[in-house]
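Here are the chains, one letter per residue:
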Amino acid sequence: MDSQHEGAAPASPPESSHSQTTLRVNGKPHTLTVDHRRVLLDLLREDLGLAGAKKGCDHGQCGACTVLVDGRRVNSCLLFAVALDGCEITTVEGLAGDGEELHPVQRAFLDRDAFQCGYCTPGQICSAVGALAEAAAGHPSHVTDPAVPSGEPVALDREEIRERLSGNLCRCGAYMCIADAVEDVIP
């Protein structure tokens, strides 16, 4: 027997690898026991049956999994679900709320034919909703004119829209129609 282990206290039992987590998803609370390694995307799709957010690259590079967490857009494939305990999650399915009316961005995407295969569309729509809110709240982007006063709403022109949505890839190349749809809903 190794002398380092003689008389050593017995090892403590391993910590639980699961925690109870409560998320408000599309306005409804969900309390689940979640594996600490489970990412939000998998929880949404597999545990809650919300298949809008897509698994694209699984590395946070394509944006197909974009959802809103407390109103901010995020790549759900990169976030551990347990780290979001108490957060408000909005998926493309929840944008319209309980009514039958589509969210204005969803309607604009349909009106402008801003999708082709549709795989990236839920992430594009959630990203657009988040980008509109960020600009309204005065969050600058890389291309925002430095003369814009800090905290003031940022005017969304074509360049701002392209920059703010640059984290979402469309394999079909529907970018022009996507930008048109976002322009249609700028307040």
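Shown above is the structure to which this text applies.
One structure accompanies this document, and this report is about it. This one's a predicted model, so the numbers in the text were calculated from it and none came from an experiment. (Residues numbered from 1 in each chain as written. Predicted model: local features only at pLDDT ≥ 70, side-chain atom pairs only at ≥ 80, totals over all residues. Heavy atoms only, no water.)

### A word on the overall build of the protein
The helix and strand tally for the protein stands at five helices and five strands. Reading the helices (α) and strands (β) of the protein from amino to carboxyl end gives β-β-α-β-β-β-α-α-α-α. Taken over the C-alpha trace, the protein has a radius of gyration of 21 Å; the compact-globule value for 187 residues is 16 Å, which it surpasses by more than 25%. Of all 187 residues assigned to the protein, the portion counted as buried reaches 40%. Considering only intrachain contacts with a sequence separation of at least 6, the fraction spanning at least 24 residues in the protein is 54%. Carbon and sulfur atoms make up 52% of the accessible area of the protein, which totals about 10500 Å². In the protein, which carries 15 positive and 27 negative side-chain charges, the distance between the mean positions of the two groups comes to 5 Å. (Helix = DSSP H or I, 4+ residues; strand = E, 2+ residues; numbered from the N terminus. Rg over C-alpha atoms; globule rule 2.2 N^0.38 Å. Buried < 20%, exposed > 50% of the residue type's maximum accessible area, 1.4 Å probe, protein only. Contact = heavy atoms within 4.5 Å. Areas by Shrake-Rupley, 256 points an atom, 1.4 Å probe, with all protein chains shown as cover. Lys, Arg positive; Asp, Glu negative; His and termini not counted. Charge placed at Lys NZ, Arg CZ, Asp CG, Glu CD.)

### Remarks on the pattern of salt bridges
Inspection of every chain in the model, using the stated rule, returns 14 salt bridges. Note that Lys55 is salt-bridged to Asp58, the shortest N-O span being 3.8 Å. Take Asp58: its relative accessible area is 37%, and that puts it in the partly exposed class. The partner of Asp184 in a salt bridge is Arg112, with the nearest N and O atoms 2.7 Å apart. Taken together, the residues span a long stretch of sequence, with Asp184 in helix H5 (residues 175-184) and Arg112 in the loop between helix H2 (104-111) and helix H3 (121-136) at a distance of 72 residues. Since its relative accessible area comes to 41%, Asp184 is described here as partly exposed. You can call Arg112 partly exposed: its relative accessible area is 35%. One connected set of salt bridges, linked through shared partners, spans Arg112, Arg158, Asp180, Glu183 and Asp184. (Salt bridge = Lys/Arg side-chain N within 4 Å of Asp/Glu carboxyl O.)

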